[in-house]
Amino acid sequence: MSITAAAPAISIPAPVAGKGYWRLVGERLARDKVTLVVAAILLAVILVAIFAPLITAHDPYVGRVANRLKPIGTPNHWLGTDEVGRDLWTRLAYGSRLTLLTGVTPVIVATLIGATLGIVAGIGGRVVNTLVMRTMDVFYAFPSVLLAIAICGVLGSGVRNMILSLTIVFIPPVVRVSESVTTQVRSLDFVEAARATGASLAMVIRHQVIANVLSPILVYATSLVSLSIILAAGLSFLGLGVAPPNAEWGSMLNALRQSIYVNPVNAALPGLVILITSMAFNLMSDGLRSAMDVRLPR
Amino acid sequence: MLVYALVRILYTIPILLGVSLIAFGLIHLVPGNPLDLLLPPEAPKELVDQIKAKYGFDQPLYIQYFTWLGRVAVGDLGNSVFTGEPVREQLISALSNTLVLAIPAAVLGFALGIFLGAVAGFNRDTWIDKLASAIAITGVSMPHYWGAIVSVILFSVILNWLPATGMGPSGGLPQSWEDVTHMILPVATLSLIPMGVISRLVRATVLEINGQEFTAALRGKGLRRKRIIYHVLKNAAPPAMALMGLQFGYLLGGSILVETVYNWPGSGQLMNLAIFRRDIPVLQATVVVLSFFFVLINLSVDVLQAAIDPRIRR
């Protein structure tokens, strides 16, 4: 389990004029079959989450105990049923909502905060940089899972606390990546040139810095989503996140874990969808990385 | 080199202080009084005051912090509010149980990761590369608690080859074959993530180094493939080592989910128990000690890296 942003070393892609660059990225993505397939999978997961009530025939919270742990392929329950007889497909479809929400939200919030802090640290003077980066070092001293579990454990279970704890965990690595790319961009010739021609600091930040640090930060954030989904589902799995009977993949996996001797296939299903979704985000990040020509951390 | 090491060691002091501050602050994250966690709301006032005094909660916050820090510095981690026993003994036993899994898992994961990454990198775009990369991405995308469940389903429920949960009869270091059988599944599961992460890094680094001029020069010089591989891997070592340090730390701190599935009495399970019992001293101590280890591991990796690669010492 890792936030793999150990000291990131990022090369800035050759600066290309705004529109041309994004068009180039789009063309490269369109030629990348793996990324296209992965994008289709992610789109499907999102559509399932949005239209869950339309594509399922059962109530996610109601089941008949007489119907419990029916195998895959049972008439009327094509993915079988769970430990209290609820339709598993319905539960998984509804579960994608909370799983995506708790997995994606921390990364979005952490990216907004982290990128701002990182850019400020990269552009600001030595004092600001030291202040921000050394504070982040302290957070880096905790293994990420440990910190998330400790914060969530103290704050108490629940969706809000889980999102909060994961956000805190993801801010430091985003700050590091953003600071590192900002420092590199700042020393490039075209920024000097802009300053020399009289552009204000605000203009340089807007046109030169942000335009050029956006791709690496975006690529890095996509790779974090995969980890975030695993961790969020993991917190629920431990009973620290979404509480039953709410449908969420991690807590479903935990509940079904007791049934591995009765119906192992059903018991493993929620984890399989976590794996597929997390892998899709990882591959998406890989695809974006090569399309945007970004070299990311090690 | 010595100067670098010294500076690096000195630098960990403020980091450790920061870590202790956060771990201490954890209980004050809770809205209201930290005692609310320990006592039922209907507890009589005398009892509340008595406990307040016992745990020092009647003192100002900074005095509480320094008292706590002073005790932690000399190895006194306090007593569990649940069992009343010293946290230190519990933590030492739990941590050694975690190490029994983490060390072999790290060795296995790193060895497989380096092998897969190197094989993929040196055979770029062949089916070998694709297979190795597919294994690696599965490793990094796998929810390891699910991997644990699937391995139990396969090897315990269906095949009945290995025990599903628990530690062997000896406890602590494995002393019999039976002890070892209890370790196989958790170690294999824990090794998956470091395997994937290291493999991806090694592959990327090998590709990068292969594209540099000096490897072309080595080839031009007529060096045999084996020697070239040696040179490339030697150059790929420092970044891989940094990542291994981090990964080992994650194995210590992140084993909580896997330990839960395998019912392994390690530091993760201790922490899990502490959370559900609201046993703040145990939780605090686990966080501080694990982070302390994590900082030390990263420190030694940094120094070791600098010893290998003079460029880092600049």
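Note that the coordinates shown come from a computational prediction; the quantities given were computed from them, not determined experimentally.

This next bit is on the confidence of the model for chain A. Taken residue by residue, chain A gives an average pLDDT of 85. The fraction at 70 or more is 92%. The low-confidence segment residues 4-10 of chain A, where pLDDT is below 50, has 30 contacts with residues more than four positions distant or belonging to other chains.

Here we take up the packing of helix 2 (residues 33-50) of chain A against helix 11 (residues 264-292) of chain A. Residue and element names in this part refer to chain A. As a packed pair, helix 2 and helix 11 sit with axes 9 Å apart at the nearest point and diverge in direction by 135°. In terms of axis orientation, helix 2 runs oblique to helix 11. Our pair here, helix 2 against helix 11, has a crossing hand that is left-handed. Residue-level inspection shows Val34, Thr35, Val38, Ala39, Ile41, Leu42 and Val45 of helix 2 in contact with helix 11, the latter providing Ile276, Thr277, Ala280, Phe281, Leu283, Met284 and Gly287. Across the contact of helix 2 with helix 11, the residue classes break down as 11 nonpolar, three polar and no charged.

What follows is about the nonpolar core. One recurring pattern in soluble globular proteins: nonpolar side chains tend to sit buried together. Core analysis: the largest hydrophobic core is formed by 150 residues, its most contacted members being Ile149(A), Leu166(A), Phe170(A), Tyr145(B), Phe248(B) and Met271(B). With 13 residues, the top contributor of residues to this core is helix 9 (residues 201-237) of chain A. With sequence-adjacent residues up to four places away left out, Tyr145(B) is seen in contact with Ile230(A), Ala233(A), Gly234(A), Phe237(A), Leu253(A), Ile274(A), Leu257(B) and Val261(B). Core analysis: the second largest hydrophobic core is formed by 12 residues, Ala115(A), Ile119(A), Ile123(A) and Val191(A) among them.

Turning our eyes to something else, we now look at the layout of surface pockets. Residues and elements named next belong to chain B. In this model, the second largest pocket occupies a volume close to 500 Å³. Surrounding the second largest pocket, 22 residues form its lining, Tyr55, Phe57, Trp68, Arg71 and Pro281 being those nearest its centre. Elements with a minimum of two residues in the lining of the second largest pocket: helix 3 (45-55), helix 4 (61-73) and helix 13 (280-308). For the lining of the second largest pocket, the element with the most residues is helix 4, which contributes five residues. Its residues placed into classes, the lining of the second largest pocket shows 13 nonpolar, seven polar and two charged.

All right, on to the UniProt feature "domain: ABC transmembrane type-1" (unreviewed entry) in chain A then. Listed under "domain: ABC transmembrane type-1" (unreviewed entry) in the UniProt record, and renumbered for this structure, are residues 96-285 of chain A. Along residues 96-285 of chain A one finds 83% helix and 0% strand; the C-alpha atoms at either end are 20 Å apart.

Let us now look at the packing of aromatic side chains. All chains considered together, the criterion is met by eight aromatic pairs over all chains. Their ring planes at 40° and their centres at 5.6 Å tell us that Phe24(B) and Trp68(B) sit as a pair that is tilted. Here Phe24(B), found in helix 1 (residues 2-25), pairs with Trp68(B), found in helix 4; they are 44 residues apart in sequence, far enough to count as distant. Overall, the relative accessible area of 7% leaves Phe24(B) in the buried class. On the basis of relative accessible area, Trp68(B) is assigned to the buried category, the value being 9%. Between Tyr250(B) and Phe294(B), the aromatic rings sit 5.6 Å apart at their centres with planes inclined by 40°, giving tilted as the arrangement. Separated by 44 residues along the polypeptide, Tyr250(B) in helix 10 (residues 225-254) and Phe294(B) in helix 13 bring together distant segments of the chain. Take Phe294(B): its relative accessible area is 1%, and that puts it in the buried class. Taken together through their ring pairs, the aromatic side chains of Phe24(B), Tyr65(B), Phe66(B) and Trp68(B) make up a single cluster. Lying across the ring of Tyr140(A), Arg176(A) places its NZ or CZ 3.7 Å from the centre.

Time to look at the confidence of the model for chain B. Of the residues in chain B, 95% have a pLDDT of 70 or more, and the chain-wide mean is 84. If you check the scores for this complex, the pTM reads 0.87 and the ipTM reads 0.86.

Another point: the side chain of Thr182(A). All names here are of chain A. Examined against the element boundaries, Thr182 turns out to sit in helix 7 (residues 159-186). Judged by relative accessible area, Thr182 falls into the buried class, the value being 0%. Setting aside anything within four residues of it in sequence, one finds Thr182 in contact with Gly118, Ile119, Gly122, Ile123, Val209 and Val213.

Going through the model one piece at a time under the given rule, you end up with 11 salt bridges over all chains. Here Arg203(B) makes a salt bridge to Asp129(B), at a shortest N to O gap of 2.7 Å. Taken together, the residues span a long stretch of sequence, with Arg203(B) in helix 8 (residues 177-210) and Asp129(B) in helix 6 (residues 127-141) at a distance of 74 residues. Residue Asp129(B) is classed as buried on the basis of its relative accessible area of 3%. Each of Asp82(A), Glu83(A), Arg86(A) and Arg91(A) takes part in a single network of salt bridges with overlapping partners.

Moving on: the UniProt feature "domain: ABC transmembrane type-1" (unreviewed entry) in chain B. The feature "domain: ABC transmembrane type-1" (unreviewed entry), as given by UniProt, occupies residues 95-305 of chain B in the numbering adopted here. For residues 95-305 of chain B, the end-to-end C-alpha separation is 27 Å, with 82% helix and 0% strand making up the annotated structure.

This brings us to a nonpolar patch on the surface. Residue and element names in this part refer to chain A. On the surface, a nonpolar cluster with roughly 670 Å² of combined accessible area is contributed by Leu43, Ile46, Leu47, Ile50, Phe51, Leu54 and Ile55. The element that contributes the greatest number of residues to the nonpolar patch is helix 2, accounting for four residues. Inspection of the secondary structure puts Leu54 in helix 3 (residues 52-55). For Leu54, a relative accessible area of 68% gives the class exposed.

Further remarks concern the UniProt feature "transmembrane region" (unreviewed entry) in chain B. Residue and element names in this part refer to chain B. Those places that UniProt annotates as "transmembrane region" (unreviewed entry) correspond, in this numbering, to residues 9-30, 99-122, 143-163, 183-202, 240-262 and 282-304. Helix makes up 96% of residues 240-262 and strand 0%, whereas the separation of the span's terminal C-alpha atoms amounts to 29 Å. As annotated, residues 282-304 has a helix share of 100% and a strand share of 0%, and its two end C-alpha atoms lie 33 Å apart.

All names here are of chain A. Sites flagged by UniProt as "transmembrane region" (unreviewed entry) map to residues 34-55, 98-123, 138-159, 217-240 and 260-283. Overall, residues 217-240 shows 88% helix and 0% strand. The separation of its end C-alpha atoms is 29 Å. Secondary structure across residues 260-283 divides into 83% helix and 0% strand, with the first and last C-alpha atoms of the span separated by 30 Å.

Every contact between the two is made by 53 residues of chain B and, on the other side, 47 residues of chain A. Taking both sides of the interface into account, the surface hidden between chain B and chain A amounts to around 4,500 Å²; carbon and sulfur atoms contribute 76%. Together, Tyr145(B), Trp146(B) and Tyr250(B) form the three largest contributors to the area buried by chain B at its contact with chain A, with a combined 14%. For the pair chain B and chain A, the number of links is one salt bridge. For Arg200(B), the salt bridge is made with Asp286(A), and the minimal N-O distance between the two is 2.9 Å. Our count for the chain B to chain A interface comes out at eight residue pairs in polar contact (both at pLDDT 80 or more). Elements that contribute at least two residues to the side of chain B that touches chain A include exactly helix 1, helix 6, helix 7 (144-158), helix 8, helix 10, helix 11 (256-262), helix 12 (267-277) and helix 13 of chain B. The residue makeup of the side of chain B that touches chain A, split by class, is 38 nonpolar, 12 polar and three charged.

Parameters and conventions
Residues numbered from 1 in each chain as written. Chains lettered and ligands numbered in written order. Predicted model: local features only at pLDDT ≥ 70, side-chain atom pairs only at ≥ 80, totals over all residues. Heavy atoms only, no water. pLDDT = per-residue confidence, 0-100. Contact = heavy atoms within 4.5 Å. Axes fitted to C-alpha atoms, helices over the stretch in contact; angles between N-to-C directions. Helix = DSSP H or I, 4+ residues; strand = E, 2+ residues; numbered from the N terminus. Parallel < 35°, antiparallel > 145°, perpendicular 65-115°, else oblique. Left-handed = near helix turned anticlockwise from the far one by under 90°. Nonpolar A, V, L, I, M, F, W, Y, C, P; charged D, E, K, R; others polar. Core = buried A, V, L, I, M, F, W, Y, C linked by side-chain atoms within 4.5 Å. Buried < 20%, exposed > 50% of the residue type's maximum accessible area, 1.4 Å probe, protein only. 1 Å grid on protein atoms, 1.4 Å probe; cavity = no way out; pocket = protein on both sides within 12 Å on 5 of 7 lines; lining within 4 Å. Points joined across faces, edges and corners; volume = space filled by probe spheres on them. UniProt positions renumbered as here; feature names shortened; annotations may be inferred. Phe/Tyr/Trp six-rings, centres within 6.5 Å; stacked < 30°, edge-to-face > 60°. Lys NZ or Arg CZ within 6 Å of the ring centre and 35° of its normal. Salt bridge = Lys/Arg side-chain N within 4 Å of Asp/Glu carboxyl O. Patch = residues over 30% accessible without salt bridge, like charges linked within 9 Å, V, L, I, M, F, W, Y side chains within 5 Å. Areas by Shrake-Rupley, 256 points an atom, 1.4 Å probe, with all protein chains shown as cover. Buried area = accessible area lost by both parts, 1.4 Å probe. Polar contact = N/O pair within 3.5 Å; in protein donor to acceptor, adjacent residues only side chain to side chain.

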